[in-house]
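Analysis of the macromolecular model
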Amino acid sequence: MKFWRKPLDLDKIKIPCGEIHIFKDRCKGCAFCVEYCPKDVLEMSEEFNIKGYHPPYVKNPDDCLECHLCEMLCPEFAIFVTLKENEESANVTAEKGRK
Amino acid sequence: MKADPKGVLTGSHTLTGNHACAEGAFAAGCRFLGLYPIVPSLEISERFLERAPEVGATFIQMEDEVSVLAAVLGASWTGKKSMTVTSGPGLSLMMEHLGLGIMLETPCVIVDIQRAGPALGMPGRPAQGDMMQARWGSHGDYEIIALSPSSPQEMFDYTIKAFNLSERYRIPVALMSDAYVAHLQEKVVIPPAEEIEIEPRRYYKGAKDKYLPFKRDKDFVPRMVNIGDGYKFHVTGLTHDDRGYPVMNEECQEYNVHPLVWKVRNYVDEIIEVQEAETEDAEVIIISYGATSRAALKAMEQARKSGIKVGSLKLVTVWPFPEKRVAELAKKVKAFVVPEMNFGQVVLEVERCSYGNANVIFVPHGENGVENTDDLLSAIKQAVQADKVESVIIEFNKGV
Amino acid sequence: MKAKETKTQEIQSVPSKKGEIHPMENLLRMDRMPHIWCPSCGIGLAVTAFASALEKANIDPNKISIVSGIGCTGRVAGYVKLDSFHTTHGRPIAFGTGIRVANPKIKVVVFSGDGDLIAIGGNHFIHAARRNIDMLVVCVNNFIYAMTGGQVAPTTPLAAYATTSPYGCVEPPFNIPYIADSSGAVYVARWTTLHIRRLINSLAEALQKKGFSVVEVISPCGMYYSRINKLGDGLDMMKFYHDNVEIRHGEDTKNLDIGFQTKIICGKFVDRERPSYMERYNQWLSDVKGGSRDEG
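The rules behind each value
Residues numbered from 1 in each chain as written. Chains lettered and ligands numbered in written order. Predicted model: local features only at pLDDT ≥ 70, side-chain atom pairs only at ≥ 80, totals over all residues. Heavy atoms only, no water. Contact = heavy atoms within 4.5 Å. Buried area = accessible area lost by both parts, 1.4 Å probe. Salt bridge = Lys/Arg side-chain N within 4 Å of Asp/Glu carboxyl O. Polar contact = N/O pair within 3.5 Å; in protein donor to acceptor, adjacent residues only side chain to side chain. Helix = DSSP H or I, 4+ residues; strand = E, 2+ residues; numbered from the N terminus. Nonpolar A, V, L, I, M, F, W, Y, C, P; charged D, E, K, R; others polar. Buried < 20%, exposed > 50% of the residue type's maximum accessible area, 1.4 Å probe, protein only. Pairing = 2+ DSSP bridges. Axes fitted to C-alpha atoms, helices over the stretch in contact; angles between N-to-C directions. pLDDT = per-residue confidence, 0-100. Right-handed = clockwise from strand over helix to strand, strands pointing away. Expected span 1.5 Å × (residues − 1). Phe/Tyr/Trp six-rings, centres within 6.5 Å; stacked < 30°, edge-to-face > 60°. Lys NZ or Arg CZ within 6 Å of the ring centre and 35° of its normal.

Our focus in this paragraph is the interface of chain C and chain B. Contact with chain C, which involves 51 residues of that partner, is made by 53 residues of chain B. Here chain C packs against chain B, burying approximately 4,400 Å² in sum over the two surfaces, 59% of which is carbon and sulfur. At the boundary of chain C and chain B, one finds one salt bridge. Taking the shortest distance from any N to any O, the salt bridge between Arg131(C) and Glu63(B) comes out at 2.8 Å. Across the contact surface, chain C and chain B share 22 residue pairs in polar contact (both at pLDDT 80 or more). For the side of chain C that touches chain B, the elements supplying multiple residues, two or more each, are α2 (76-79), β2 (83-86), α3 (92-102), α5 (122-131) and α10 (277-289) of chain C. Per-element accounting of the side of chain C that touches chain B gives the leading share, seven residues, to α3(C). Split by residue class, the side of chain C that touches chain B holds 19 nonpolar, 17 polar and 15 charged.

This brings us to the interface of chain A and chain C. Of the residues lining the interface, 28 residues belong to chain A; the matching set on chain C comes to 35 residues. Taking both sides of the interface into account, the surface hidden between chain A and chain C amounts to around 2,700 Å²; carbon and sulfur atoms contribute 66%. By the criterion of area lost to chain C, the three top residues of chain A are Arg26(A), Met72(A) and Phe77(A), representing 27% of everything that side buries. Applying the counting rule to chain A against chain C returns two salt bridges. Residue Glu35(A) is joined to Lys239(C) by a salt bridge in which the shortest nitrogen-to-oxygen separation is 3.9 Å. Along the contact surface separating chain A from chain C lie eight residue pairs in polar contact (both at pLDDT 80 or more). Looking at the side of chain A that touches chain C, the elements with two or more residues in it are β1 (18-22), α1 (32-36), α2 (69-72) and β4 (79-83) of chain A. Looking at side-chain class alone, the side of chain A that touches chain C contains 18 nonpolar, one polar and nine charged residues.

Let us look at helix α5 (residues 95-103) of chain B. Residues and elements named next belong to chain B. Counting buried residues in α5 gives seven out of nine residues, a clear majority hidden from the surface. Taken together, the buried positions of α5 are Met95, His97, Leu98, Leu100, Gly101, Ile102 and Met103. Two residues or fewer after α5 comes Glu105, characterised by a positive phi angle close to 50 degrees.

Spatially, the nine strands line up as an open sheet ordered β10(B)-β2(C)-β1(C)-β3(C)-β4(C)-β8(C)-β7(C)-β10(C)-β9(C), and their pairing is mixed. Pairing within the sheet leaves two strands with one partner each, and these edge strands are β10 (234-236) of chain B together with β9 (245-247) of chain C. Mean inter-strand twist for the sheet, computed between neighbouring axes without regard to direction, equals 20 degrees. Where strand β1 (residues 64-68) of chain C lies against β2(C), four bridges are found, and the strand directions are parallel. Within β2(C), the residue paired with Val67(C) across the bridge is Phe85(C). Where helix α1 (residues 43-56) of chain C meets the sheet, its contacts fall on β1, β3 (107-113), β4 (135-141) and β8 (212-218) of chain C, and the angle it forms with β3(C) comes to roughly 165 degrees.

Strand order in the open sheet made by the six strands is β11-β13-β12-β15-β16-β17 (chain B), with mixed pairing throughout. Strands at the two margins of the open sheet, each flanked by one partner only, are β11 (274-277) and β17 (394-395) of chain B.

To continue, consider the pattern of salt bridges. Opposite charge on two side chains permits pairing when their charged atoms draw close. Overall, the coordinates contain 46 salt bridges over all chains when judged by the stated rule. Residues Arg31(B) and Asp4(B) are paired through a salt bridge, measuring 3.1 Å at the closest nitrogen-oxygen approach. A residue pair is termed long-range when its members are at least 10 positions apart, and Arg31(B) in strand β2 (residues 30-35) and Asp4(B) in the segment before β1 (11-16) qualify at 27 residues. A relative accessible area of 10% places Arg31(B) in the buried class. A salt bridge links Glu273(C) to Lys209(C), with the shortest nitrogen-to-oxygen separation between them at 2.8 Å. Within this pair, whereas Glu273(C) is found in the loop between β10 (264-271) and α10, its partner Lys209(C) is found in the loop between α7 (196-208) and β8, the two being separated by 64 residues in sequence. Salt bridges here are not isolated pairs; linked through shared partners, they connect Arg168(B), Arg202(B), Asp217(B), Asp219(B), Arg223(B) and Glu270(B).

With that settled, the discussion passes to the confidence of the model for chain C. All names here are of chain C. Across chain C, the average pLDDT comes to 91, with 91% of residues at 70 or higher. Between residues 1-12, whose pLDDT stays under 50, and residues either more than four places distant or in other chains, the model counts 31 contacts. Prediction confidence for the complex, expressed as pTM and ipTM, is 0.93 and 0.92 respectively.

Time to look at the pairing of strand β3 (residues 58-61) of chain B. Residue and element names in this part refer to chain B. Here four bridges tie β2 to β3, and the two strands are oriented parallel to one another. Bridged to Gly34 within β3 is Ile60. Crossover handedness for the path β2 to helix α2 (residues 42-55) to β3: right-handed.

Let us now look at α1(C). All names here are of chain C. End to end, α1 covers 20 Å across 14 residues, agreeing with the expected 20 Å (1.5 Å per residue, within 8%). Along α1, the residues classified as buried are Ile43, Gly44, Leu45, Ala46, Val47, Thr48, Ala49, Phe50, Ala51, Ser52, Ala53 and Leu54. After α1 finishes, the residue Asn58 shows a positive phi value of roughly 25 degrees.

So, about the arrangement of the chains. Where two pairs of chains are in contact, the pair with the most contacts is made of chains B and C. Across the gap from chain A to chain B, with no contact made, the nearest C-alpha atoms are 19 Å apart.

When we look at a pair of aromatic rings, we describe it by the centre distance and by the angle of the planes. Tallied over the entire structure, the rule returns 20 aromatic pairs over all chains. Taking the centre distance of 5.8 Å and the plane angle of 75 degrees together, the rings of Tyr204(B) and Tyr231(B) count as edge-to-face. Of this pair, Tyr204(B) sits in the loop between β9 (185-190) and β10 while Tyr231(B) sits in the loop between β9 and β10, and the two are 27 residues apart along the sequence. A ring pair is formed by Phe240(C) and Tyr241(C), whose centres lie 6.4 Å apart and whose planes are at 65 degrees; its orientation type is edge-to-face. The buried category is assigned to Phe240(C), whose relative accessible area is 14%. Judged by its relative accessible area of 1%, Tyr241(C) is buried. Over the ring of Tyr267(B) we find Arg168(B), and its NZ or CZ is 6.0 Å from the ring centre.

A word on unusual backbone geometry. Residue and element names in this part refer to chain B. With an omega of 0 degrees, the peptide bond between Val39 and Pro40 qualifies as cis. The omega torsion across Gly117 and Pro118 is -20 degrees, close enough to zero to call that bond cis. With respect to the helices, strands and loops of the structure, Pro118 is situated in the loop between β5 (108-116) and β6 (122-126). For Ala119, which is not glycine, the phi torsion reads 55 degrees and is therefore positive. Despite not being glycine, Glu278 has its phi angle at roughly 50 degrees, a positive value. Considering the arrangement of structural elements, one finds Glu278 in the loop between β11 and β12 (284-288). For Glu278, a relative accessible area of 36% translates into the label partly exposed.

This is the structure we're talking about:
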């Protein structure tokens, strides 16, 4: 990362930040989302859901880039991401959500 | 509801049984045929395909009989009255989807032109050896409706009756004919469209998201919708609840599967149709169905002339079997004579339902011609001479 | 015997909390979640990809019907909120053919497993491809009969273990794209459940394609295939895909065999034009009658 050229329009683009919603009781602990999150936002938790699986928890929520990969790679439809609406990321260029 | 005139070839014709069956299907409103060619039923498909463009029906010849009935069930769910035609070997391949048709409660008609079995047997020779297969062939508990025509006119009439029964009870209906009637050429009178009564499909009219594919009316028959109407329903061959979702427990098995049986058993009086002739004073009654009824009626007249009081009970609907009527008649007569072009199938039902009150003489029929009555007449003499009631099906012996 | 009025069986479903609506809610039967597939199974991903592809290809959900056979993937029809049928083992393509021919306005999708489509249903697969029936077939290939407990399948790689090949599978497996291509399919692609975005695009493309299109989805089976063969769980299979999948679009389908833990070649292999069954049917009809009934 150190030798990468600095993008010219770095100041104009605001990096989006996503809010992660997890249905703990639907999770079956396959850990696909933890493995393939590009920013290592998620991690398997120690708590149990009603079926006895360990659902993931959001380790560092600010790193989430709202890429929806965890949502796509969840076979249980137990996790999804919505754009975090706050002031400084208001004029975000990435279109809202995955539509 | 009246028949759609586009499909009705009104007028008097000379048709083979097969061709009459195809015309009957059009008249009944059948607009989809799944076919796989097999002797002796292929003429039905040929006739259907020739007339299909004119009537606006679609068809497809599939790669085997297994997929034929699967395609017919699929087509039926799009709202089209659908049918397939086959013979013994094909019916054997269709057993799994007969079961699926019962479980999904999908109206369709399966025409079985029976031929001598087992295995390849004699394709051209008529037989009635698939009767028990139609009734018990698929796995699990279910009821089936099966009709058996004995003339080209009845091939026309009973095809319409089969479609009406299948729509009324939302169940596959079998038309059990045979190679003899199928290739017989006789006069067939096709009435004008407005004289043909058609049973419309019972559709669900309620809210789109409230539809339950298996919510039963009082007569246990659920309402249907078509694919593409936006109901987004789910149906499965697994034991399911009203919503069509699979539910794997005993309670749901009873809740879902038993009505498949009650739907027919509780309405046998409406479904069953028999044709009785001179049974009031009869000593001996010939019980027959399909092609054997032709010889039975002739034998009855000949026996009457020679002074023996003989009656005839012709089964229009072989399944469900008219148990009540046979039990009543058993008390009044000395014996039943049951000719069949097999080695004894429906005669077992006759024996069961006579409860030992009458002798049951089984006559293997057809060796020396379907219309020949010699065996029947000697069986009738044998029946009259017998003095006590045997507790077993009496083998008919030619010597008498 | 009369039918007793017993209550409809309530399936314990996990409602989403107020305001938290999963974007797939309108396409999946959420009242049936959680579904029956095992932890780390890939079928859920195939369903996610299909649901996203439906949106991407903006197909009218009322004019599409999904048919599944028997097997783990056979349960997909029950979880997708469309006109769905769960039919007999090996016959969804035949069932779908009936739907398509009877009503050419309905887009038919057959969503089933490798055993269901290529083993018992092989005959209908090749014939539907030959006829070029308008149908999308999604074949989720987990290399084994998983629903019945891990038996060997015609797609189990040579020498792999299964409960009915305890000393290693002795039969070489089918190459599904090769069968589809040689039988006449107009669109053939293969992806794994890891390549989820490419799978979504491929399914969206196939949904808009006229004719018989096949998308094979290689899916991990954490409960049987990888466990019996000591390959870890579903996550390890996904990692295996990550390191061993080679994407070669347009590769000749002849070379797409899959060995035991060998390279898997993915991509879009066939994308050609052939008149679909209903086009030829209507052409024949208009010649016969001098007037085509409706497009298809």
